Amino acid sequence: MKQKIVHLINISVYVCKAVITSYLCIKLINIIKMYKEGQLYVAHSAEGPIHIIGKMANRHGLIAGATGTGKTVTLQVLAETFSQAGVPCFMADMKGDLSGISQTGGLSKFIEKRCTEWNMDTTTLTFKGCPVRFYDVYGEQGHPMRTTIEKMGAILLARLMDLNETQTGILTLTFRIAKDENLPLIDMKDLRLMLDYVAQNSKKYSTTYGNISSASIGAIQRSLLALSEQGGDKFFGEPAFDIYDLLQTEGGQGVMNILAADKLMLQPKLYSTFLMWLLTEIYDKMPEIGDMELPKMVFFFDEAHMLFKDTSKALTDKIEQIVRLIRSKGIGVYFISQSPSDLPEAILGQCGNRVQHALRAFTPKDQQAVRVAAQTFRPNPSFETEREILELGTGEALVSFLDEKGAPSIVQKAKILFPLSQIGAITTEQRSTINSSSRISGKYDTLIDRESAFERIVKQREAEEKKAAEAKEDVKTEKQRKSKRSSSTGKSILASVIGTAVTYFAKTIATQLARNLTKKSKKR
C-alpha cells in the first residue's frame, strides 16, 4: 500500500512537471515573438522566463559586467524586445556589433543549446531584424547629428573644452552678450568671432557683465582650435537635429536609432558630452505624460563611466535631476558599464531594473567593486550573491527587475535570451542601403550656413569701417577746402599789395614827372 502511494505521488509529480514544462514552452514560444500582456521577456532562470514589466521599464536600469561577459548581447536583446513592443530606442555602437540588429538572425548551435535547456521547439522561432536608422556625428556612417553652439549651452561646452571656472564664467558671459545683442551662435566660427568681439569691446561690457580677461578669452580660443582639430566643428551647425526623429515606429516596431561611435569614442569628452546634450534635449522637449504601459523611448548609455569622469558637482547634480525626472516624460535610461560603482550613488539608486554579468576580482579595489555590486541586489536565500558574481559564465547574469508595486524583486541567477536578429556587424553595402532607404535620408545631409553672429559682426565691422573711412574722407576734404581758401586769400592779399604798390609808384612817378615839367617851363 505504501509503495502504491509513493508510486502515485511520483506519477503526480511527473505529470505536474510535464504540465509546467509544456506551459512554459508555450509561453516561451509566444513571448519570444513579441511583447505580450505588459511584459518584456529578456532572460530565463531555473524557475522559468524573467520579464521586465512594461510600465516599470521607464524606472531606468543598469547592465554591468566585465569585458567579454555578454553586456553587448544583453543590450541587443533588451533593445530588440523593446522594438517588438513598439518602443523606439537610442544606443551607441562602439565596435559596429549592434548594427546586426537590423538583419534577420539565424539558428546556431548556441541557440539550439539554449532551446534544449528551456524546452523550446526551434521550429517555432521567428528570426527577424528591427527597423534601424544609423547616425554619425561625423556624417560618415549614418545621418549627421548636429546641434548649434547656443543649444549646446555654455556649461556643456565648457566641459567639452576642459575649461576652468574662470574661463567657464567668461564663456557664459559671452553667451549672454550674444543673446542680448541678437547675435545667434550657430557654429564654431560664430563663437570664435564672438569671443574676439567681446575682447575688443571689453571696456564697454565690464560695467554691465563684469571684468573680461583677455588671457581667458585667449585660452578659450585655443581650446576651440583643439576641438575643431578633433572634428568637433562637424557637430555644430544647421540643420540641427530634431529629437522627435528618434521617436518613430515602422510596421508596429520601435525604430532602433544607432549612433556609430567607433570614431567618436577616440574623443571620450566629445562622446560623453554629446550624449549628455542629447539626453538634456530630450528632457527639455518631451511633455509630461506620467505613467504608461510602456515607455515612450529607451535611451541606452554605453560606457557610462565616461559621463561622470572629471564632471563638476553642479553638472553631476543636473544629470541626477534629469535622470530622476525624465521618467515622468516616458523615457527610460539604461546605463551600461563595467561596475555599478562607476555610477554615483544618487544615479545608481534610480536604476530599478538591473542585469549584472560576471566581474573579475584581481585586486582589493576589484573585490570592493564586487561587494558593492552584490549589495545593490535584494538577497536570494538560495545562493550567495557575491560569490555568484565571480562565478557567472558568459551570457549568464544576476537579474533583478521591479515588480508591479515598483519594489526590486529578489535577485535571480539567469541566462539572457538570445537575439532573434543577427549577432555581429553588417557590411558597408548593407549599411549604405539602410541609410539611403531611410525616411529621413537627405534631411540633414546638406549643411546650411544662414546669417548668424559671424555675418552680423562682420557687417557691423564693415559698417563701422565704412563710417570711419567716410569720416576720414570728410576731414581730408575739409582740410583741402580750408587749404584752398587760405591759398585764395593769400593770392588776393598779394594782388592787393602789388596793386597798391604799383598805384603808389605810378602816382609817385607821375608827380615827379609833373614837377620836372613845371621846373623846365619856369626856366624858359
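In case you missed it, the structure is sitting above this.
Cut-off values and rules
- Residues numbered from 1 in each chain as written.
- Predicted model: local features only at pLDDT ≥ 70, side-chain atom pairs only at ≥ 80, totals over all residues.
- Heavy atoms only, no water.
- Salt bridge = Lys/Arg side-chain N within 4 Å of Asp/Glu carboxyl O.
- Helix = DSSP H or I, 4+ residues; strand = E, 2+ residues; numbered from the N terminus.
- Buried < 20%, exposed > 50% of the residue type's maximum accessible area, 1.4 Å probe, protein only.
- Core = buried A, V, L, I, M, F, W, Y, C linked by side-chain atoms within 4.5 Å.
- Contact = heavy atoms within 4.5 Å.
- Pairing = 2+ DSSP bridges.
- Expected span 1.5 Å × (residues − 1).
- Arc of directions from axis to C-beta.

Considering the pattern of salt bridges
All told, the structure shown has 23 salt bridges when counted by the stated rule. With a shortest N-O distance of 3.8 Å, Arg 59 and Asp 291 are connected by a salt bridge. Of this pair, Arg 59 sits in the loop between strand E2 (48-53) and strand E3 (61-64) while Asp 291 sits in the loop between helix H10 (268-285) and strand E10 (297-301), and the two are 232 residues apart along the sequence. Judged by relative accessible area, which is 61%, Asp 291 ranks as exposed. Ionic pairing is found between Asp 196 and Arg 461, a salt bridge with its closest N-O pair at 2.8 Å. Within this pair, whereas Asp 196 is found in helix H7 (residues 188-200), its partner Arg 461 is found in helix H17 (residues 453-523), the two being separated by 265 residues in sequence. Of the residues examined, Asp 196 reaches a relative accessible area of 28% and is grouped as partly exposed. Judged by its relative accessible area of 22%, Arg 461 is partly exposed. If you follow the salt bridges from partner to partner, you end up with Arg 114, Glu 117 and Lys 415 in one network.

Structural notes on the nonpolar core
Membership of the largest hydrophobic core comes to 83 residues, with the highest contact counts inside it found for Phe 90, Leu 157, Leu 171, Tyr 271, Phe 274, Ile 282 and Phe 335. Broken down by element, the residue count for this core peaks at 10 residues, all from H10. For Phe 335, the residues in contact, after removing those within four places along its chain, are Gly 61, Leu 62, Ile 63, Phe 301, Ala 304, Leu 307, Phe 308, Val 323, Leu 343, Ile 347 and Cys 351. In terms of nonpolar packing, the next biggest core, distinct from the first, is built from 46 residues, Leu 75, Met 120, Met 256 and Leu 420 among them.

What to know about unusual backbone geometry
For the peptide bond that leads from Glu 238 to Pro 239, omega is 5 degrees, which places it in the cis range. Here Pro 239 is to be found in the loop between helix H9 (214-229) and strand E7 (249-250). Of note in the backbone geometry, His 60 takes a positive phi value of approximately 70 degrees without being a glycine. The topology assignment puts His 60 in the loop between E2 and E3. By relative accessible area, which is 0% here, His 60 ends up buried. With a phi close to 50 degrees, Glu 303 is a non-glycine residue in the positive phi region. Structurally, the position occupied by Glu 303 is in the loop between E10 and helix H11 (305-308).

Regarding the sheet that holds E10
Read across the sheet, 12 strands follow the order E2-E1-E14-E13-E12-E3-E11-E10-E4-E9-E5-E6 without closing on themselves; strand pairing throughout is mixed. Each edge of the sheet is formed by a strand with only one pairing partner; in this case those strands are E2 and strand E6 (143-144). Pairing geometry for E10 and strand E11 (residues 331-337), over 5 bridges, is parallel. By the bridge assignment for E11, Val 298 is matched with Gly 332.

Considering the pairing of strand E5 (residues 132-136)
Most of E5 sits inside the fold, with 5 of its 5 residues counted as buried. Side chains Val 132, Phe 134 and Asp 136 project from E5 onto one buried face, and the interleaved Arg 133 and Tyr 135 project onto a second face that is buried too. Pairing analysis gives 4 bridges linking E5 to strand E9 (residues 256-260), with the strands arranged parallel. Residue Arg 133 lies in a different strand from E9, and its bridge partner there is Asn 257. Across 2 bridges, E5 lies against E6 in parallel orientation. Opposite Tyr 135, over in E6, you have His 143 as the bridge partner.

Description of the environment of Gly 210
The topology assignment puts Gly 210 in the loop between helix H8 (202-209) and H9. Separated by 40 residues in sequence, Gly 210 and Ile 170 place their C-alpha atoms 9.3 Å apart. Those residues within four positions of Gly 210 in sequence are excluded, and the remaining contacts are Leu 173 and Tyr 205.

Some details on the pairing of strand E1 (residues 39-45)
With 6 of 7 residues buried, E1 is to be regarded as a mostly interior element. Here E1 runs beside E2; their pairing, made up of 6 bridges, is antiparallel. Within the sheet, the bridge partner assigned to Tyr 41 lies in E2 and is His 51. Here E1 folds back onto E2 in antiparallel fashion, the turn holding 2 residues. Where E1 and strand E14 (residues 412-416) come together, 3 bridges link them in antiparallel fashion. Looking at the pairing, Ser 45 lines up with Ala 414 of E14.

Section: the side chain of Asn 257
Tracing the chain through its elements places Asn 257 in strand E9. For Asn 257, a relative accessible area of 0% gives the class buried. Apart from residues lying up to four places away in sequence, Asn 257 is in contact with Pro 88, Cys 89, Phe 90, Met 91, Arg 133, Tyr 135, Asp 245 and Leu 246.

Re helix H14 (residues 364-375)
With 12 residues, H14 extends 17 Å from end C-alpha to end C-alpha; this agrees with the ideal 16 Å at 1.5 Å per step. The complete set of buried residues in H14 reads Ala 369, Val 370, Ala 373 and Ala 374. Viewed along the axis of H14, the buried residues span an arc of 135 degrees, placing them on a single side of the element. Summarising the geometry of H14, the exposed residues directed more than 90 degrees from the buried face are Pro 364, Lys 365 and Gln 375. Turning to H14, the residues buried within the fold contact strand E12 (353-356) and helix H15 (385-391).

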